[in-house]
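# Descriptive structure summary
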Amino acid sequence: MRSIWNGAISFGLVSIPIKLVNATESHSISFRQIHLEDGGRIRYRKVCELEEREVSSPEIGKAYEDADGSMIPITDEDLASLPIPTARTIEIVAFVPADRIDPLQMDTAYYLAANGVPAAKPYTLLREALKRSQKVAIAKFALRGRERLGMLRVVDDVIAMHGLLWPDEIRTPESVAPDSSVTVRDKELDLADALMDTLGEVDLNDLHDDYREAVEELIAAKASGEKVPAAPSGEKGGGKVIDLMAALESSVRQAKVARGEDAADSAADVKPLRKGPARKASPKPASGKKPTAKKTAAKKTAATKKTTADATKKTAAKKTPAKKTPPRKRASA
């Protein structure tokens, strides 16, 4: 990989010669502008406004436009002579835990390669020190005409550096969050948790750019004169959500089908919150005072005695035989 910057890491009194290499690359498909009438390529030409002629790259320099429109020329020698210690140095200023870095600050990533054999020992020392401390290094460096903030961390056996935005370059999220009066029910959270569990985790290496592949197929079809592949038909997402609960339940079912599971089991995975039956309040006495334990016991004893007496009477009535009345004689005619 071609280096884009040569300098050194300043680690206290230790200096580590390094080369800066891009850690990422773009796979986006770029297009050219053409003249629709004849397909001719459209190009941009650099023209001097005063002479109204095209100028070459060696004739072009830098300048700062003042408020009144006047141009103040700035040369590369002017920038190189600035009293900035980070002009060719990545100056480490602190070591902090990795969770102290806000992901919003993360910018372009680079690999730092040891530049020459003498740099191997101090490079390895810094790498192992970062590993053992489980911290990241905060550094300042100058690149492409401006001083930048960076974070050094270990990736495998290489020291990587992430460019960081300055804190004043991060916008505050004012008036971005929705209205605070919106509430979410527990059942909706249960369904959201079930959907998260169903989707599960994913290996980022398995993800790929579907749009780029579709564009490549389109270009190949047009180049060979074949029929352009049609877009797959299906329901379009992103519509207006009318029923949040129905949308969550449908999402859980679709996620289960995508994973090859039975969609009917999705309802079993979500345990809705059920409220228990309301207890009937016991009637209070008219006085409003709670009955004492003695009164309650006396009432229970009286009720027991009454029940026993009633049972005894019924038993005695069954055992006592009924008296038979002798039949009356009919009067003679």
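Just so it is clear, the model here is predicted, and its values are computed rather than measured. (Residues numbered from 1 in each chain as written. Predicted model: local features only at pLDDT ≥ 70, side-chain atom pairs only at ≥ 80, totals over all residues. Heavy atoms only, no water.)

### Let's talk about the sheet that holds strand β11 (residues 158-164)
Heads up, the rule is: A pair of strands is treated as paired once DSSP finds two or more bridges between them. Labels follow the DSSP assignment, with helices taken as runs of H or I lasting at least four residues and strands as runs of E lasting at least two, numbered in each case from the N terminus. Axis definition: a line fit to C-alpha positions, over the contact stretch in the case of helices; interaxial angles, taken between N-to-C directions, run 0 to 180 degrees.
Strand order around the closed barrel formed by 7 strands is β1-β2-β8-β11-β10-β9-β7, with mixed pairing between neighbours. Each strand axis lies, on average, 40° off the axis of its neighbour in the sheet, ignoring direction. Where strand β1 (residues 3-11) lies against strand β2 (residues 14-22), 8 bridges are found, and the strand directions are antiparallel. Within the sheet, the bridge partner assigned to S3 lies in β2 and is V21.

### A few points about unusual backbone geometry
Glycine aside, a negative phi is what most residues show, and trans is what most peptide bonds show. For E52, which is not glycine, the phi torsion reads 55° and is therefore positive. Locating E52 in the fold gives a position in the loop between β3 (47-48) and β4 (53-54). A positive phi angle, close to 55°, is found at S175, a residue other than glycine. Examined against the element boundaries, S175 turns out to sit in the loop between β11 and α3 (186-199).

### Notes on the side chain of Q105
Definition in use: Only protein chains enter the accessibility calculation, which uses a 1.4 Å probe; a residue whose area is less than 20% of its type maximum is buried, one above 50% is exposed, and one in between is partly exposed. In protein, a polar contact requires one atom able to donate a hydrogen and another able to accept it; more generally it is a pair of N or O atoms within 3.5 Å, and residues adjacent in sequence count only if both atoms are side-chain atoms. The contact criterion used is simple: two residues touch if any of their non-hydrogen atoms lie within 4.5 Å.
Within the fold, Q105 resides in the loop between β7 (89-97) and β8 (106-114). For Q105, a relative accessible area of 14% puts it in the buried group. For Q105, the side chain forms a polar contact with the main-chain oxygen of L165, separated by 2.8 Å. Sequence-distant contacts of Q105, defined by excluding residues within four places in its chain, comprise L149, G163, L164, L165, W166, P167 and I170.

### A closer look at the nonpolar core
Selection rule: What is meant by a nonpolar core is a set of buried Ala, Val, Leu, Ile, Met, Phe, Trp, Tyr and Cys residues, joined one to another through side-chain atoms within 4.5 Å.
Within the largest apolar cluster, 20 residues are counted, with the highest numbers of intra-cluster contacts made by I9, I18, I90, L112, L126, L152 and M161. Every element with two or more residues in this core is listed here: β1, β2, β7, β8, α2 (120-133), β9 (135-143) and β11. Of the residues forming this core, the biggest block, 4 residues, is contributed by β9. Excluding residues within four positions of it along the chain, I9 makes contact with V14, S15, I16, I18, I90, I92, L112, L126 and L152.

### A closer look at the pairing of strand β6 (residues 71-74)
As a general feature of sheets, a regular strand has side chains that alternate between the two faces. Direction of pairing for strand β5 (residues 62-65) relative to β6: antiparallel, over a ladder of 4 bridges. Of the residues in β6, the one forming a bridge with Y64 is I72. Counting the residues that bridge the hairpin from β5 to β6 gives 5 residues, and of these G69 lies at a positive phi of roughly 95°.

### Remarks on the packing of aromatic side chains
Heads up, the rule is: Within 6.5 Å between ring centres, the rings of Phe, Tyr and Trp (the latter by its six-membered ring) count as paired, and their orientation is classed by plane angle as stacked under 30 degrees, edge-to-face over 60, tilted in between.
Scanning the model with the defined rule gives 1 aromatic pair in all. Arranged with centres 5.9 Å apart and planes meeting at 70°, the rings of F11 and F95 form a pair that is edge-to-face. Separated by 84 residues along the polypeptide, F11 in strand β1 and F95 in strand β7 bring together distant segments of the chain.

### Quick word on the pattern of salt bridges
How we decide: Any carboxyl oxygen of Asp or Glu within 4 Å of a side-chain nitrogen of Lys or Arg constitutes a salt bridge here.
Per the counting criterion, the structure on display carries 11 salt bridges. Among the salt bridges present, the one from K140 reaches E147, with a minimum N-O distance of 4.0 Å. Overall, E147 belongs to the partly exposed group, its relative accessible area being 27%. With a closest N to O distance of 3.2 Å, E216 and R212 form a salt bridge. Separated by 4 residues within a single helix, E216 and R212 lie in helix α4 (residues 210-224), roughly one turn from each other. Of the residues examined, R212 reaches a relative accessible area of 23% and is grouped as partly exposed. The network of salt bridges with common partners includes R127, E128, K131 and D157.

### Some thoughts on α4
Using the following cut-off: One fewer than the residue count of a helix, multiplied by 1.5 Å, yields its expected span.
Over its 15 residues, α4 runs 21 Å from end to end, which matches the ideal 21 Å to within 8%, given 1.5 Å per residue. For α4, the side-chain oxygen to backbone nitrogen distance between the N-cap and Y211 is 3.1 Å, and the N-cap itself is D209. Two residues or fewer past α4, G225 is found with a positive phi of approximately 75°.

### A word on a nonpolar patch on the surface
Filter applied, for reference: A patch is a set of surface residues, each over 30% in relative accessible area and not in a salt bridge, joined within 9 Å for like charges and within 5 Å for the nonpolar side chains Val, Leu, Ile, Met, Phe, Trp and Tyr. Here, Shrake-Rupley sampling with a 1.4 Å probe gives the accessible areas, and only protein chains in the shown set may cover a residue.
A contiguous nonpolar surface patch, about 220 Å² in accessible area, is contributed by L79, L82 and I84. For I84, the position within the fold is in the loop between α1 (76-80) and β7. A relative accessible area of 33% places I84 in the partly exposed class.

### Quick word on the pairing of strand β10 (residues 146-155)
Across 7 bridges, β9 lies against β10 in antiparallel orientation. By the bridge assignment, A137 is partnered in β10 with L152. A loop of 2 residues connects β9 with β10, the two strands running antiparallel in sequence, and R144 in this loop sits at a positive phi of about 55°. Of the pairings in the sheet, the one linking β10 to β11 comprises 7 bridges and is antiparallel in character. For V155, the partnering residue across the bridge sits in β11 and is V158. Counted along the chain from β10 to the antiparallel partner β11, the turn is 2 residues long, and its residue D156 has a positive phi close to 60°.

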